[in-house]
Amino acid sequence: MTSTMPRNNRRTNLIWFCLGIGLILVLIRTGGLAKGNLLVFPRVKDIAEAFLRLIQEGKTYALISTTLWHVLEALALSVGIGFAIGLAEGFSSGAHAFFQPLMNLIRSLPMIMLVILIMAMLSYKAVPLTAATVVLIPVISEAVYEGCRSIDPELLDVYRLNAGFGWPVVRSVYLPMIAGYVRQAFMNAAGMGLKITVSAEYLVQTRNSLGKAIYSSSYFSEYAEMYAYAFLMVLLVYLISKGPVLLYRVLHRETP
């Protein structure tokens, strides 16, 4: 019974997810009817045909692999750096005060300004990875910090009295307690990271990337193809954010 209910919930969520994509198509179609512009707001049929064409082309998967690799690298770096900063902030109020100006600066900078600054300092090839990593670090560090602050101080005192502060306390107390915060932050960072990466690829014209492909589509006014790439990005965000959880469930699935 317990194994059937989660499976039904996942099926229901998938249905609602598909309905959500349908809502996007309805909004696009409504925009086309309201503006009377089928070029910018193409028909659903045209978008579906462009999407089916893209997923049948080998070049599309080469574009996805380039962008996806940038996103995964950025997530790995931002999680590592953000986790270290967040733990330091959680352990020490002084560290939190020290890092706050930098974290607030990164959050407040417009993405286009940040990308331009990185373009001026680094080679264009490194811009997508660097931009996404820098933007995502505050997302992860803030989640880790909030998770640390939410831990009951009395629980920490008990572990410190018995074992002293060190890796055992971090492993047994901090990591389990902040896991939920980090998981939610990671899911948010997945979508944000893909958006920033594609935007940076668009600006620096990264070869064989989704950003470059979207630029080419907009340049030649192929808006149906642009929307098709947008739906591909939706699926990629779902894969990145939900993939690790689904893989964990498959690997630890209970045998009947």
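Attention in this report is confined to the structure presented alongside it. Bear in mind that the values here come from a model prediction, so they are computed numbers and not experimental data.

Cut-offs and rules
- Residues numbered from 1 in each chain as written.
- Predicted model: local features only at pLDDT ≥ 70, side-chain atom pairs only at ≥ 80, totals over all residues.
- Heavy atoms only, no water.
- Buried < 20%, exposed > 50% of the residue type's maximum accessible area, 1.4 Å probe, protein only.
- Helix = DSSP H or I, 4+ residues; strand = E, 2+ residues; numbered from the N terminus.
- Arc of directions from axis to C-beta.
- Expected span 1.5 Å × (residues − 1).
- Bend = angle between axes of the 7 residues up to and from the residue.
- Contact = heavy atoms within 4.5 Å.
- Salt bridge = Lys/Arg side-chain N within 4 Å of Asp/Glu carboxyl O.

**Some thoughts on helix H5 (residues 111-121)**
In an α-helix there are 3.6 residues to a turn, and that puts residues three or four apart on one side.
Here comes step 1: Looking only at H5, the buried set comprises Leu114, Val115, Ile118 and Met119. Projected down its long axis, H5 carries its buried residues within an arc of 140 degrees, all on one side. Among the exposed residues of H5, those pointing more than 90 degrees away from its buried face are Ala120 and Met121.

**With respect to helix H6 (residues 127-149)**
Here comes step 1: Here H6 spans 34 Å end to end across 23 residues, near enough to the 33 Å set by a 1.5 Å rise per residue.
Here comes step 2: At Leu136, H6 is deflected by roughly 30 degrees, the largest bend along its length, and proline Pro138 occurs up to four residues later in sequence.

**A few points about the side chain of Thr206**
Here comes step 1: Here Thr206 lies in the loop between helix H8 (167-204) and helix H9 (210-219).
Here comes step 2: The exposure class assigned to Thr206 is buried, which follows from its relative accessible area of 13%.
Here comes step 3: When residues no more than four places from it in sequence are discounted, the contact partners of Thr206 are His70, Pro128, Glu201 and Lys212.

**Digging into the pattern of salt bridges**
Here comes step 1: In this structure the tally under the stated criterion is 3 salt bridges.
Here comes step 2: Between Glu225 and Arg53 there is a salt bridge whose closest N-O contact spans 2.8 Å. Separated by 172 residues along the polypeptide, Glu225 in helix H10 (residues 223-251) and Arg53 in helix H2 (residues 44-55) bring together distant segments of the chain.
Here comes step 3: A relative accessible area of 15% means that Glu225 is categorised as buried.
Here comes step 4: Among the residues examined, Arg53 registers a relative accessible area of 37% and is labelled partly exposed.
Here comes step 5: The partner of Glu142 in a salt bridge is Arg107, with the nearest N and O atoms 3.3 Å apart. On the criterion of sequence distance, the pair formed by Glu142 in helix H6 and Arg107 in helix H4 (residues 93-108) is long-range, its members being 35 residues apart.
Here comes step 6: Classification of Glu142 as partly exposed rests on a relative accessible area of 23%.
Here comes step 7: The class of Arg107 is partly exposed, set by a relative accessible area of 40%.
Here comes step 8: Overlapping salt bridges bring together Arg53, Glu57 and Glu225 as one network.

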